[in-house]
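# Descriptive structure summary
Listed here are the chains, written in short residue letters.
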Amino acid sequence: MYKESTNVVVKHLVNRLRDVRTASSEFRTTIEEISRIIASEALADFQTVSQNINTWQGSMDVDVIEVQKLVLIPILRAGEPMLTGILKTLPYARSGFLAMKRDEETAKSILFYENIPNLDGKTVLLLDPMVATGGSLIDAITYLKNNGAKKIISLNVLGSPFGVDKVQEAHPDVDIFIAQIDERLDENNYIRPGLGDAGDRAFNTEK
């Protein structure tokens, strides 16, 4: 299942990312904002537990998200602002990291670093701003499944119809929550109209 956001605020924020005048610091915080919104959509029905808290009227039993069942894993480097944003909402969630690089000649992904906690019985929020061909996301999902993830939810900012379809074909059990699906991929496997390289724009490393 995939769900493209219909939230007008999300669409507004995506268009801020598209604007070439958006500085890297604002680009990062905008990704953070989008990520918090789509994470709230993805976790709308997530399991809760009862917890006793102290309020201004005394103790009270409330329902809270069972963050111990969650692991947030960004695909570096572009996914890092997504992690930063969601951790502002769920500061006690565990995190992990996958670093993948696309081979520009083959368009295939290469995993060159990982640091993930035990995933047994956990739901993973996999964070990757861009779904172009879908290759990196497919490989990341396969890797996390092989490492025991109970459920994987993909959170994405921008994607192509081709990439989203490919991920769904390879992993139909993974739910995708995405801010915007753009028109197409071009001959260089870039999303059109897109927003450029999310990692470069987020960290001001454009050449």
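Here's what I pulled together on the structure shown here.

### A look at the overall build of the chain
- When you go through the chain residue by residue, the secondary structure sums to six helices and 13 strands.
- Radius of gyration (C-alpha) of the chain: 17 Å, near the 17 Å computed for a compact globule of 207 residues.
- Seen through its C-alpha atoms, the chain measures out along the principal axes to roughly 60 × 40 × 30 Å.
- For the chain, buried positions account for 46% of its 207 residues.
- In the chain, of all internal contacts separated by at least 6 residues, the share reaching a separation of at least 24 is 62%.
- A total accessible area of about 10800 Å² is found for the chain, and carbon and sulfur atoms account for 48% of it.

### Focus on helix α4 (residues 135–146)
- An ideal rise of 1.5 Å per residue puts 16 Å on twelve residues; α4 measures up with 17 Å between its terminal C-alpha atoms.
- At the C-terminal side of α4, G148 shows a positive phi close to 95°.

### Some words on the nonpolar core
- Counting 35 residues, the largest nonpolar core has I34, L125, L127, L155 and V157 as the members making the most contacts within it.
- The dominant element in this core, judged by the number of residues it contributes, is helix α2 (residues 24–42), at six residues.
- Sequence-distant contacts of L155, that is, excluding residues within four places in its chain, are made with I38, A39, A42, M82, I86, L125, L126, L127, D128 and F177.
- Listed in part, the 23 residues of the second largest apolar core include V71, M100, V124 and I138.

Here is what the cut-offs are and how they apply
- Residues numbered from 1 in each chain as written.
- Predicted model: local features only at pLDDT ≥ 70, side-chain atom pairs only at ≥ 80, totals over all residues.
- Heavy atoms only, no water.
- Helix = DSSP H or I, 4+ residues; strand = E, 2+ residues; numbered from the N terminus.
- Rg over C-alpha atoms; globule rule 2.2 N^0.38 Å.
- Buried < 20%, exposed > 50% of the residue type's maximum accessible area, 1.4 Å probe, protein only.
- Contact = heavy atoms within 4.5 Å.
- Areas by Shrake-Rupley, 256 points an atom, 1.4 Å probe, with all protein chains shown as cover.
- Expected span 1.5 Å × (residues − 1).
- Core = buried A, V, L, I, M, F, W, Y, C linked by side-chain atoms within 4.5 Å.

Purely geometric numbers; function is a separate question.
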